[in-house]
Amino acid sequence: MKKFLKSLTIATAGAMTILAASSPVKAVVVNWTLNDVTFNDGGTATGGFQTTFNDDETFIPFPLDGSSPINKLDIFVSSGDENNFRNFRYQVSDIDWFDKSKLDLDANPIDSGASNFDLFFDPALTSRGGTFSISGSEFYFNETGEVLLRGITAGTLTGKPVPEPMTIMGTVLAGGMGVVIKKKRTKKNIKSV
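Counting restarts for each chain, with residues numbered from 1 along the sequence as it is written. Side-chain atom pairs in this predicted model are given and counted only at pLDDT of 80 or more, local residue features only at pLDDT of at least 70, and totals for whole chains, interfaces and linings cover all residues. Where side-chain values are given, they derive from all heavy atoms of the structure, hydrogens and water being excluded.

**Digging into the overall build of the protein chain**
Here's step 1: The helix and strand inventory of the protein chain stands at two helices and nine strands.
Here's step 2: Runs of H or I in DSSP of at least four residues are treated as helices and runs of E of at least two as strands, each being numbered from the N terminus. Walking the protein chain from its N terminus toward its C terminus, one meets helices and strands in the order α-β-β-β-β-β-β-β-β-β-α.
Here's step 3: Summary of the burial criterion: residues with accessible area below 20% of their type's maximum are buried, those above 50% are exposed, and those between are partly exposed, where the area comes from a 1.4 Å probe applied to protein chains only. Among the 193 residues that make up the protein chain, the fraction classed as buried is 36%.
Here's step 4: Any two residues whose heavy atoms approach within 4.5 Å at even a single point are treated as in contact. Expressed as a percentage of contacts within the protein chain between residues at least 6 apart in sequence, the contacts between residues at least 24 apart total 54%.
Here's step 5: The accessible surface values rely on the Shrake-Rupley method and a 1.4 Å probe; as for residues, cover is taken only from the protein chains in view. Total accessible area on the protein chain stands at roughly 11500 Å², and carbon and sulfur atoms take up 59% of it.

**Some thoughts on the pattern of salt bridges**
Here's step 1: Salt bridges are defined as contacts in which a side-chain nitrogen from Lys or Arg sits within 4 Å of a carboxyl oxygen from Asp or Glu. A complete count under the given rule lists three salt bridges for this structure.
Here's step 2: For Arg 150, the salt bridge goes to Asp 41, with nearest N and O atoms at 3.2 Å. Linking Arg 150 in strand β9 (residues 147-161) with Asp 41 in the loop between β1 (28-39) and β2 (44-53), this pair joins segments that are 109 residues apart in sequence.
Here's step 3: For Arg 150, a relative accessible area of 1% translates into the label buried.
Here's step 4: Classification of Asp 41 by relative accessible area gives buried; the value is 9%.

**Here we look at the packing of aromatic side chains**
Here's step 1: Centre distance within 6.5 Å is the pairing criterion for rings of Phe, Tyr and Trp, where only the six-membered ring of Trp is used; planes under 30 degrees apart are then read as stacked, over 60 as edge-to-face, and the remainder as tilted. In the structure shown here, the tally under the stated rule is eight aromatic pairs.
Here's step 2: Ring centres of Phe 49 and Phe 121 lie 6.3 Å apart, and the angle between their planes is 40°; this geometry places the pair in the tilted category. Of this pair, Phe 49 sits in strand β2 while Phe 121 is found in strand β7 (residues 115-122), placing the two residues 72 residues apart along the sequence.
Here's step 3: By relative accessible area, Phe 49 is classed as buried at 3%.
Here's step 4: Centre to centre, the rings of Phe 85 and Tyr 140 are 6.0 Å apart; their planes meet at 40°, and the pair counts as tilted. Taken as a pair, Phe 85 in the loop between β3 (70-77) and β4 (88-91) and Tyr 140 in strand β8 (residues 130-141) lie far apart in primary sequence, 55 residues in all.
Here's step 5: Taking the relative accessible area as the measure of exposure, Phe 85 reaches 6% and is therefore buried.

**Side note on the pairing of β7**
Here's step 1: Counting buried positions over the eight residues of β7 gives six, a clear majority of the element.
Here's step 2: The sheet contact formed by strand β6 (residues 102-107) and β7 spans six bridges and is antiparallel. Bridge assignment links Ala 107 to a residue of β7, and that residue is Ser 115.
Here's step 3: Strands were regarded as paired on the criterion that DSSP finds at least two bridges between them. As paired strands, β7 and β8 are joined by eight bridges and run antiparallel to one another. Note on β8: the bridge partner recorded for Ser 115 is Tyr 140.

**Here's the deal with the nonpolar core**
Here's step 1: Only buried residues count toward a nonpolar core. Its members are Ala, Val, Leu, Ile, Met, Phe, Trp, Tyr and Cys residues joined through side-chain atoms within 4.5 Å. Formed by 28 residues in total, the largest nonpolar core has its most connected members in Phe 49, Ile 75, Leu 103 and Phe 117.
Here's step 2: Sorting elements by how many residues they give to this core places β1 first, with five residues.
Here's step 3: When residues no more than four places from it in sequence are discounted, the contact partners of Phe 117 are Phe 39, Ala 45, Ile 75, Val 77, Tyr 90, Leu 103, Asp 104, Leu 105, Ser 137, Glu 138 and Ile 152.

**Structural notes on the sheet that holds strand β5 (residues 95-99)**
Here's step 1: The nine strands lie next to each other as β4-β3-β2-β1-β9-β8-β7-β6-β5, forming an open sheet whose pairing is antiparallel. Two strands lie at the open edges of the sheet, namely β4 and β5, each paired on one side alone. Recorded for the sheet is a direction-independent mean angle of 15° between the axes of neighbouring strands.
Here's step 2: Both β5 and β6 contribute to a ladder of four bridges, which runs antiparallel. Bridging from a neighbouring strand, Phe 98 pairs with Leu 103 of β6. A fitted line through C-alpha atoms serves as each axis, taken over the contacting stretch for helices, and the angle formed by two N-to-C directions is quoted from 0 to 180°.

Honestly, that's just the spatial picture; any functional story needs more than this.
The following block contains the structure:
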């Protein structure tokens, strides 16, 4: 059993060294979620997006051609009490502008008027995640050319960093070694009885 544990430890250390050496840029992926976001007309916004930060708190663009620092985006806005706005889902292709303090979504579907959703973050987003105050508004240019506007009255944005593969691998290794040691002790206790 000692040989097995020693071999497992050496193999794992080697694998972790190879993985660490093969990824020179440390990146932090953060999942962002809209929480309890409501508009002044009773409508809501739900969903979220994902960003990737470099060590120096700059964004890693996705795709790598630099077109957007957001990997995934799925935000659903519902119509309010007055039903002037439509239910609509914004996706990555609707990103017009993004930085650490603003997300601007601009959609112009063929079957209806254009929609624009601006979100402002306070303070600016970081790779550490956390909870951020948000403000913003949604514009909707309906089929008759009327411009409608509604503002965000409540809500927050919460970010949670995704564990790096090395952290996950270390956790799995520690758990696996714990199981092996427990089984060994259990067998030893049974033999001594």
